[in-house]
Amino acid sequence: MQKDPDSGRIQDLFSRHKLRCTSQRKGLYKALAANTGHPTAEQLYYEVSGHIPGMSLATVYNTLEAFCSAHLAQKLPGQGGSTRYDACVHNHLHTRCEKSGAVHDVPDELGQKMLKGLPRTLLRQIEKEMGFSIDYVRIELVGQHTSG
Ligand SMILES: [Zn+2]
């Protein structure tokens with residue numbers, strides 16, 4: 001067996017989030033965390049099915065659900081009603097390309113500036129008028145790439 005420096009770290013993370021640790025879960029989490037492209041369950045399945053024994057698409061779905069429930073991952077709306085997954089769980093902004101469907105993280109420094117710049121009084125007004133308590137604001141910037 002190869003020694004994997006990430007293995008212990010992921011195991012600690014799972015135990016902190018009270019998630020049972022299996023080699024399948026560890027393998028999938030590692031693949032998700034390493035993928036900055038906000039993959040769908042299908043994309044992750046194709047990526048890992050060759051090297052995680054016994055991994056089915058259903059297992060990938062169920063495991064991703066378990067990650068989300070344990071706050072180890074978050075779901076993002078993808079193109080055409082698909083769901084994308086992100087191992088980065090702090091509130092950050094995304095861009096989504098309408099042509100390719102690609103989802104990217106907005107650099108944190110800029111994203112936090114945007115979130116901090118939201119008019120608090122307007123948020124309070126929305127809460128008041130709608131009888132709704134806002135926990136956080138999630139922003140998706142939709143458009144298309146002009147370079148690269
Ligand atoms: Zn992200």
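Just so it is clear, the structure is predicted and the values come from calculations on it, not from any experiment.

Turning next to the coordination of the zinc ion. For the zinc ion, the full set of protein donor atoms is H38 (NE2), D86 (OD), H92 (NE2), H94 (NE2) and D105 (OD), at a range of 2.0 to 2.2 Å. Between the donor residues of the zinc ion, the gaps in sequence give the motif H-x47-D-x5-H-x1-H-x10-D. This pair shows no difference in class: D86 is buried, exactly as H94 is.

So, on to helix 3 (residues 41-48). Three or more residues of helix 3 are buried, namely A41, L44 and V48. When helix 3 is viewed along its axis, its buried side chains cluster within an angular range of 65° and face the same direction. Summarising the contacts, the buried residues of helix 3 are in contact with helix 2 (23-34), helix 4 (57-69) and strand 2 (83-86).

Partitioning the protein into domains gives domain 1 (1-89) and domain 2 (90-148). Using only C-alpha atoms to locate each centre, domain 1 and domain 2 end up separated by 24 Å. Contact residues are listed per partner, giving twelve residues for domain 1 and 15 residues for domain 2. With both sides pooled, the region where domain 1 packs onto domain 2 buries about 980 Å², and carbon together with sulfur makes up 45% of that total. Three residues stand out in domain 1 for area buried against domain 2, namely H38, Q79 and C88, and they jointly supply 42% of the buried area on that side. Taken together, domain 1 and domain 2 are joined by zero salt bridges. In this assembly, domain 1 and domain 2 are joined by eight residue pairs in polar contact (both at pLDDT 80 or more).

Okay, the sheet that holds strand 5 (residues 140-143) next. Pairing within the open sheet is mixed, and its three strands lie in the order 4-3-5. The two strands at the open ends of the sheet, each matched to only one other strand, are strand 4 (103-105) and strand 5. Sheet twist, expressed as the mean angle between neighbouring strand axes with direction ignored, is 25°. Judged from the three bridges that link them, strand 3 (residues 94-97) and strand 4 form a sheet pairing that is antiparallel. Pairing of T95 across the sheet is with H104, part of strand 4.

Turning our eyes to something else, we now look at unusual backbone geometry. Here K18, not a glycine, exhibits a phi torsion of approximately 55°, which is positive. When its relative accessible area of 75% is taken as the criterion, K18 is described as exposed. Positive phi outside glycine occurs at H38, with the angle close to 55°. Here H38 lies in the loop between helix 2 and helix 3. We classify H38 as buried; its relative accessible area is 1%.

What counts and what doesn't
- Residues numbered from 1 in each chain as written.
- Predicted model: local features only at pLDDT ≥ 70, side-chain atom pairs only at ≥ 80, totals over all residues.
- Heavy atoms only, no water.
- Donors = N, O, S within 2.8 Å, 3.2 Å for Na, K, Ca; no water.
- Buried < 20%, exposed > 50% of the residue type's maximum accessible area, 1.4 Å probe, protein only.
- Helix = DSSP H or I, 4+ residues; strand = E, 2+ residues; numbered from the N terminus.
- Arc of directions from axis to C-beta.
- Contact = heavy atoms within 4.5 Å.
- Domains from an automatic or database assignment.
- Buried area = accessible area lost by both parts, 1.4 Å probe.
- Salt bridge = Lys/Arg side-chain N within 4 Å of Asp/Glu carboxyl O.
- Polar contact = N/O pair within 3.5 Å; in protein donor to acceptor, adjacent residues only side chain to side chain.
- Pairing = 2+ DSSP bridges.
- Axes fitted to C-alpha atoms, helices over the stretch in contact; angles between N-to-C directions.

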